[in-house]
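Below are the chains, spelled out letter by letter.
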Amino acid sequence: MIMEYTSIQEAMDKGEGKVAIRGWVFRERGSNKLKFIVLRDSTNMIQCVIDKAAVGDERFTDADKLQVEASVEVKGEMKKEPRAPTGYEVHVTEFNVVGWCDKFPIRSDQNREFLDDNRHLTLRTQRMTSILKIRSTYFQVREQFFQEKGFYRFDPPILQPSQCEGGSTLFAVKYYEGETYLSQSWQLYAEAAVYALENIYDAAPTFRAEKSKTSRHLSEFWMVETECAWKDLHAISELAKEELKHCIAKVIERHEEDLKSLGQDVEKLKKMVSAEWPTIKYRDVLRILKEKKKMDVPFGKDLRTIEEEKVMEEFDTPVVVTHYPVDVMAFYKPRDPEHPDEALCFDMLAPEGYGEIVGGSQRSMDIDDMKKRLEAEGEDASNYDWYFDLRKYGGVPHSGYGIGAERVIAWICKLDTIKDAIPFPRTMLRWKP
Ligand code: 4AD
Ligand code: MG
């Protein structure tokens, strides 16, 4: 009878009897009669015992040559074994080497540059595997959150002819005889789509030529964005809280062990999810900085990382900060009619130094004001005529926000750099392999 291969987890769920599994050697040790291999696949790992008497001399010689990360197929008898790493053991009757492995070059004590140069090999480490699983779940449960709410997924163009978030971080792309740019945000196109679909979301690659070499900036990242007709600043920022709470709760539900292995305090994370996440104003931040941190920041400047970090020392949940000064905000963030120097916008800041994870706003309906602000940035406002049309043909109040997926993943997984929240990071200094 030909046996079907199952995953290691499925084999362990079966508990006993004949099993056929395959994967990679995670650990190996042994004597000249008995070889112990811990085999891993994407689901789990299990100890396999290869006895020379059971597999014969020739096979055993192969087993003896196996190095970590060789790929093998194994058949044998599954037994409970409390002393084995995952509580089970396979007594091997047949095995086959699929891919031999040279000495695997990756060790945990190597420097960051070396590991990044060998990203194609470090991806399979336990640590990166846990992060990749959490990342996969994060995108999946977020999709589910919006589908259950009746939102539509809307896909923006990635090649865009103008900026949304400031010209200085645009990546130019040769476009036939001319030039265009890689998307900095889906937002301007999402604003067109709410007139058809009203409530929409996406997840898309996003590009910024960031000059900052920080642990929070990537040149290519995934922004997960949302845009809603009829919602105002309050409603949209509450939706951002609800979305993130949902995603984190689901990640905890499915990945408690992965989170623990990454050093995350799962109980703390759970408490944070069920707590209220406050909303304060930019002016409150200035007051907190002055009163509690002896930092005198004048009204009118965007918050710097250090200021975000200092104010977040006062909170153990994320905080929504609204009403930043209009003058330092993107052209589409509207003035608050009651305080025209403040914008109807928000950022969400994460605790523990993870900084800004969300940026959003109501969208301006004032074409003249937007034109002036674009021109002040040196833009040709006529490139945005199509965008202004959206205000002329049945314009409605609408709002939206974007979340840096990797910033959220880095925070949930307690990573010390955002580079590990994405499989192949691209930064100013790193674009290979
Ligand atoms: O605050 P930002 O620039 O907002 C926008 O792009 C809006 N157009 C979004 C919208 O309203 N639909 O970016 C949103 C989020 C930031 O809060 C941050 O989490 C993330 O995107 N982000 C980055 N993440 C990694 N690397 C970078 N270089 C990032 N730049 C922004
Ligand atoms: Mg921002």
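Scroll up a little and you will see the structure.
Below is a short write-up of the structure. These numbers were taken from a predicted model, which means no experiment stands behind them. (Residues numbered from 1 in each chain as written. Chains lettered and ligands numbered in written order. Predicted model: local features only at pLDDT ≥ 70, side-chain atom pairs only at ≥ 80, totals over all residues. Heavy atoms only, no water.)

1. Digging into the packing of aromatic side chains
Aromatic rings considered in pairs are described by the distance between their centres and by the relative angle of their planes.
Phase 1: By the definition in use, this model includes 16 aromatic pairs.
Phase 2: Measuring from ring centre to ring centre gives 5.0 Å for F145 and F146, while their planes differ by 80°; the resulting arrangement is edge-to-face. Per residue, the accessibility class of F145 equals that of F146, and both read buried.
Phase 3: The interplanar angle of 85° and the centroid separation of 5.5 Å between the aromatic rings of Y282 and F299 together place this pair among those described as edge-to-face. (Phe/Tyr/Trp six-rings, centres within 6.5 Å; stacked < 30°, edge-to-face > 60°. Buried < 20%, exposed > 50% of the residue type's maximum accessible area, 1.4 Å probe, protein only.)

2. A word on helix α9 (residues 266–274)
Phase 1: Inspection of α9 places V266, L269, M272 and V273 among the buried residues, and these make up the whole buried set. The arc that holds every buried residue of α9, seen down its axis, measures 120°, which confines them to one face. Seen from the buried face of α9, the exposed residues on the opposite side, beyond 90 degrees, are K271 and S274.
Phase 2: Close packing links the buried residues of α9 with α8 (233–261) and α14 (405–412).
Phase 3: The backbone nitrogen of E267 has a side-chain oxygen 3.2 Å away, supplied by the residue at the start of α9, namely D265. (Helix = DSSP H or I, 4+ residues; strand = E, 2+ residues; numbered from the N terminus. Arc of directions from axis to C-beta. Contact = heavy atoms within 4.5 Å. Polar contact = N/O pair within 3.5 Å; in protein donor to acceptor, adjacent residues only side chain to side chain.)

3. Quick look at the site of ligand 1
Phase 1: Around ligand 1, 25 residues are found, and the nearest of them are E165, Q187, R208, E225 and E356.
Phase 2: For ligand 1, an oxygen atom lies 2.8 Å from a polar atom in the side chain of R208.
Phase 3: A distance of 2.5 Å separates an oxygen atom of ligand 1 from a polar side-chain atom of E356.
Phase 4: In isolation ligand 1 has 630 Å² of accessible area, and contact with the protein removes 95% of it.
Phase 5: Looking at the shell around ligand 1, the elements that each hand over two or more residues are β11 (220–229), β17 (355–362) and β18 (398–404).
Phase 6: If you tally residues by element for the shell around ligand 1, the top one is β17, at five residues.
Phase 7: Class assignment of the residues belonging to the shell around ligand 1 gives a composition of nine nonpolar, eight polar and eight charged. (Near = heavy atom within 4 Å. Areas by Shrake-Rupley, 256 points an atom, 1.4 Å probe, with all protein chains shown as cover. Nonpolar A, V, L, I, M, F, W, Y, C, P; charged D, E, K, R; others polar.)

4. Remarks on the packing of helix α6 (residues 126–148) against α14
Phase 1: Between α6 and α14, the least distance of the axes is 11 Å, while the angle of their chain directions is 125°. Taken as axis vectors, α6 and α14 run oblique relative to one another. Between α6 and α14 lies a crossing whose hand is right-handed. When α6 is examined against α14, the residues I131, R135, Y138 and F139 are found in contact with a partner set consisting of A405, E406, V408 and I409.
Phase 2: Within the contact of α6 with α14, the residues separate by chemical class into six nonpolar, no polar and two charged. (Axes fitted to C-alpha atoms, helices over the stretch in contact; angles between N-to-C directions. Parallel < 35°, antiparallel > 145°, perpendicular 65-115°, else oblique. Left-handed = near helix turned anticlockwise from the far one by under 90°.)

5. Here's the deal with the side chain of Q110
Phase 1: Checked against the element boundaries, Q110 lands in the loop between β5 (88–99) and α4 (112–117).
Phase 2: Reaching out from Q110, the side chain makes a polar contact with the backbone oxygen of P105 at a distance of 2.7 Å.
Phase 3: A polar atom in the side chain of Q110 sits 2.5 Å from the backbone nitrogen of R107.
Phase 4: Contacts of Q110, omitting those with residues within four sequence positions, involve P105 and L115.

6. What to know about the pairing of strand β1 (residues 17–30)
Phase 1: Inspection of the sheet shows β1 paired to strand β4 (residues 71–80) by eight bridges, in the antiparallel sense. Its bridge partner being in β4, G17 is matched across the sheet by M78.
Phase 2: Where β1 meets strand β2 (residues 34–40), six bridges bridge the pair, whose relative direction is antiparallel. Residue pairing across strands places R29 opposite F36, the latter belonging to β2.
Phase 3: In this antiparallel pair of consecutive strands, β1 and β2, the connection spans three residues. (Pairing = 2+ DSSP bridges.)

7. Considerations on unusual backbone geometry
Phase 1: With an omega of -10°, the peptide bond running from K432 to P433 counts as cis.
Phase 2: Tracing the backbone through its elements, the reader meets P433 in the segment after α14.
Phase 3: Despite not being glycine, E198 has its phi angle at roughly 65°, a positive value.
Phase 4: Structurally, E198 is set in the loop between α7 (187–197) and β10 (199–207).
Phase 5: Taking the relative accessible area as the measure of exposure, E198 reaches 38% and is therefore partly exposed.
Phase 6: One non-glycine residue, W230, lies in positive phi territory at about 75°.
Phase 7: Secondary-structure assignment places W230 in the loop between β11 and α8.
Phase 8: Given the relative accessible area of 56%, W230 is considered exposed.

Everything listed here is a matter of geometry and, on its own, says nothing about what the molecule does.
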